[in-house]
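Results of the structural survey
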Amino acid sequence: PDMFCDFNGKKYSPGESWHPYLEPQGLMYCIRCSCSEEGQIYCGLVTCPELLCSNPLTVPDSCCQVCKDGSYEKSAEEEPLQLNRGVVRDISILKLCFF
């Protein structure tokens, strides 16, 4: 049988990643979940690069702020920290972890 992850009633394929939607907060841009080859869901906090500018801008639909010229000090890969990763078996556990 095809392996997949079921998160909040939505199916994801192995290797796919997404920002979870949690009620009542909505889409959680600072959390990224991914589906493993074994069908396990791993979620972690998005790590934002340090900015060198003094007045960073908040970008809609994004976790990380940017400088006015769009630059970052480091690469702006929105990858979860390994330390914060954990298997999510129940959506309520995710809510307890982050709220």
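Now for a quick tour of the structure. Given the structure is predicted, the values throughout are model-derived calculations rather than measurements.

Before going further, it helps to examine the overall build of the protein. A count of helices and strands for the protein gives one helix and eight strands. Going residue by residue from the N terminus, the α and β elements of the protein occur as β-β-β-β-β-β-β-β-α. Per-residue burial for the protein yields a buried fraction of 26% across its 99 residues. Looking at the protein as shown, the accessible area adds up to about 6600 Å², and 51% of this sits on carbon and sulfur atoms.

Relative to the elements of secondary structure, Glu23 occurs in the loop between β4 (21–22) and β5 (26–27). The partly exposed category is assigned to Glu23, whose relative accessible area is 47%. Here Tyr21 takes part through its side chain, which lies 3.3 Å from a polar atom of the side chain of Glu23.

Under the definition given, this model contains five disulfides. The disulfide partner of Cys53 is Cys67, and the S-S distance across this bridge is 2.2 Å. Classification of the bridge connecting Cys53 and Cys67 rests on its S-S torsion, roughly -90°, and on that basis the disulfide is left-handed. Residue Cys53 is located in the loop between β7 (41–45) and β8 (86–87), and its partner Cys67 is located in the loop between β7 and β8; the two are separated by 14 residues in the primary sequence.

With that settled, consider the pairing of β7. Of the pairings in the sheet, the one linking strand β6 (residues 31–35) to β7 comprises five bridges and is antiparallel in character. Paired with Cys35 across the two strands is Ile41, which belongs to β7. Hairpin connection from β6 to β7: five residues lie between these consecutive antiparallel strands, with Gly39 at a positive phi of about 85°.

Another point: the packing of aromatic side chains. Two measures describe an aromatic ring pair: the distance that separates the ring centres and the angle between the ring planes. Using the criterion set out here, one finds two aromatic pairs in the structure. With a centroid separation of 3.6 Å and 5° between ring planes, the pair formed by Tyr12 and Trp18 is classed as stacked. According to the relative accessible area criterion, Tyr12 is buried, its value standing at 9%. An aromatic cluster of at least three residues, connected via ring pairs, comprises Phe7, Tyr12 and Trp18. A cation sits over an aromatic face here: Lys11 above Phe4, 4.4 Å from the ring centre.

Definitions and cut-offs
- Residues numbered from 1 in each chain as written.
- Predicted model: local features only at pLDDT ≥ 70, side-chain atom pairs only at ≥ 80, totals over all residues.
- Heavy atoms only, no water.
- Helix = DSSP H or I, 4+ residues; strand = E, 2+ residues; numbered from the N terminus.
- Buried < 20%, exposed > 50% of the residue type's maximum accessible area, 1.4 Å probe, protein only.
- Areas by Shrake-Rupley, 256 points an atom, 1.4 Å probe, with all protein chains shown as cover.
- Polar contact = N/O pair within 3.5 Å; in protein donor to acceptor, adjacent residues only side chain to side chain.
- Disulfide = S-S within 2.5 Å.
- Pairing = 2+ DSSP bridges.
- Phe/Tyr/Trp six-rings, centres within 6.5 Å; stacked < 30°, edge-to-face > 60°.
- Lys NZ or Arg CZ within 6 Å of the ring centre and 35° of its normal.

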